[in-house]
Amino acid sequence: MSLRWIYENLEPPNVDEECSDIDDSCSDDSYDSDAMPNDSANNNYSDAERAKRETRRHHAAVPSIDQLRNRQLKAEQPEETTEPPCVPCEAERRLNNPVHQSLKLKLFSRTAHYIGVTPSGRVKGFAAESSDDAYVRLIVCPVSNGVVRLQSAETGHYLAFNATGHLYGEMRKDKDNTEWEQWNIGNYDAFRSHKYAADGWWLAIKKNGRQKPGPKTAWGQKAIQFIQIHLA
């Protein structure tokens, strides 16, 4: 059997039958009916899922205005410090304290410097081994209960703060910035400016011997704590 005979006797497929088969397959909706879920089933499924989600949802309690205000006040409150209490001198201690008897003494800071005044009126710290011992000798003159003046025995200047918070030697003792409040911090003494008491300016000497500006001082700092060394 030759290929030519096969080609001449081969019958072409019936186009109408193929189309009918395609139409029948396209018109068959059995697949769609089986695959598509029922509307009622969809509704039941969505309701069940919605109920399940609602049971898992936790509604956060909304704080009231008072609760928010209390939280803000607690956040703004400063933390408690553990520094030793800063209290005025006791009455019995004032009576036996030479600070209130216009006697001479030295004030030795915890930063290892004596506070003194030079003839030019400059206030600074003098090292313990310094030879300028005359400039650190102070005369403490009582003004009122717990308030004194600190005068240099050598130069006659009074320790005072200017308006910017810098220490200097004042020659006129009648000025109100020459008055100091004496306080006790543990076993040490501290002196706060009576005029600038509301600002919290204390007498202080840094570790390098320089004076510390009043706005940068605070109770509890070592720079403001002094030991009294009484002189004969």
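Residue indices follow the written sequence of each chain, beginning from 1 at its first position. The model is predicted, so local features are restricted to residues of pLDDT at least 70 and side-chain atom pairs to those at 80 or more, both for listing and for counting; the totals for chains, interfaces and linings are taken over all residues. Excluding hydrogens and water, the side-chain figures rest on all heavy atoms present in the structure.

(A) Examining the overall build of the chain more closely. When helices and strands are counted, the chain shows 6 helices and 11 strands. For the chain, buried positions account for 34% of its 232 residues. Considering only contacts within the chain whose residues lie at least 6 apart along the sequence, 52% involve residues at least 24 apart. Methods summary: accessible areas were calculated by the Shrake-Rupley approach with a probe of 1.4 Å, and residue burial reflects only the protein chains presented. Total accessible area on the chain stands at roughly 15900 Å², and carbon and sulfur atoms take up 50% of it. Strands here mean DSSP runs of E at least two residues long; helices mean DSSP runs of H or I at least four residues long; both are numbered from the N terminus. For every residue, the accessible area (1.4 Å probe, protein chains only) is compared with the maximum for its type, and the residue is labelled buried under 20%, exposed over 50%, or partly exposed between those bounds. Only heavy atoms enter the contact rule, under which two residues are in contact if any of them lie within 4.5 Å.

(B) A look at the side chain of Lys 106. Relative to the elements of secondary structure, Lys 106 occurs in strand β2 (residues 104-109). Of note is the side chain of Lys 106, whose polar atom sits 2.4 Å from the side chain of Asp 133. Definition of a polar contact: a pair of N or O atoms within 3.5 Å, with one able to donate and the other able to accept a hydrogen when the atoms are protein atoms, and with sequence-neighbouring residues admitted only if both atoms are side-chain atoms.

(C) Here's a closer look at the confidence of the model for the chain. pLDDT: the predictor's confidence for each residue, scored from 0 to 100. Mean pLDDT for the chain: 76, with 59% of residues reaching 70 or above. This stretch, residues 17-37, has a pLDDT under 50; its non-local contacts, to residues over four places away or in other chains, come to 2 contacts. For residues 90-96, every residue scores under 50 in pLDDT, and the model assigns this stretch 10 contacts once sequence neighbours within four places are set aside.

(D) Local environment of the packing of aromatic side chains. Note on aromatic pairs: the rings of Phe, Tyr and Trp (six-membered ring only in Trp) are paired at centre separations within 6.5 Å, and the planes decide the class, stacked below 30 degrees, edge-to-face beyond 60, tilted for the rest. Tallied over the entire structure, the rule returns 6 aromatic pairs. A ring pair is formed by Phe 161 and Trp 180, whose centres lie 5.4 Å apart and whose planes are at 50°; its orientation type is tilted. Here Phe 161 is found in strand β7 (residues 158-161), whereas its partner Trp 180 is found in strand β9 (residues 179-185), with 19 residues between them in sequence. Measuring from centroid to centroid gives 5.6 Å for Phe 161 and Trp 201, while their planes differ by 75°, and the two rings are edge-to-face. Taken as a pair, Phe 161 in strand β7 and Trp 201 in the loop between β10 (188-193) and β11 (226-230) lie far apart in primary sequence, 40 residues in all.

(E) Expanded view of the pattern of salt bridges. By definition, a salt bridge exists where a carboxyl oxygen of Asp or Glu is found within 4 Å of a side-chain nitrogen of Lys or Arg. Scanning the entire structure with this criterion turns up 7 salt bridges. The partner of Asp 176 in a salt bridge is Lys 195, and the shortest N-O contact between them spans 3.6 Å. Here the residue Asp 176 occupies a position in the loop between β8 (167-170) and β9, and Lys 195 occupies one in the loop between β10 and β11, the gap between them amounting to 19 residues. A relative accessible area of 42% means that Lys 195 is categorised as partly exposed. Across the pair Glu 181 and Arg 192 runs a salt bridge whose closest N-O atoms are separated by 2.7 Å. Placement of the pair is Glu 181 in strand β9 and Arg 192 in strand β10, with a sequence separation of 11 residues. Judged by its relative accessible area of 11%, Glu 181 falls in the buried class. Residue class for Arg 192 comes out buried when judged on its relative accessible area of 18%. Taken together, the shared-partner salt bridges connect Lys 106, Asp 133 and Arg 137 into one network.

(F) View of the environment of Leu 138. Mapped onto the elements of the fold, Leu 138 is located in strand β5 (residues 138-144). For Leu 138 and Glu 154, which are 16 residues apart along the polypeptide, the C-alpha to C-alpha distance reads 8.2 Å. If near-sequence neighbours (up to four positions away) are discounted, Leu 138 is found in contact with Leu 103, Lys 104, Leu 105, Leu 107, Ile 115, Gln 151, Ser 152 and Ala 153.

(G) Broad picture of the pairing of strand β4 (residues 123-127). Two strands are counted as paired when DSSP detects at least two bridges linking them. Strand direction decides the pairing type here: strand β3 (residues 113-117) and β4, joined by 5 bridges, are antiparallel. Across the sheet, the residue bridging to Gly 116 is Lys 124, located in β4. Joining the antiparallel neighbours β3 and β4 is a turn of 5 residues, in which Gly 121 adopts a positive phi near 90°.

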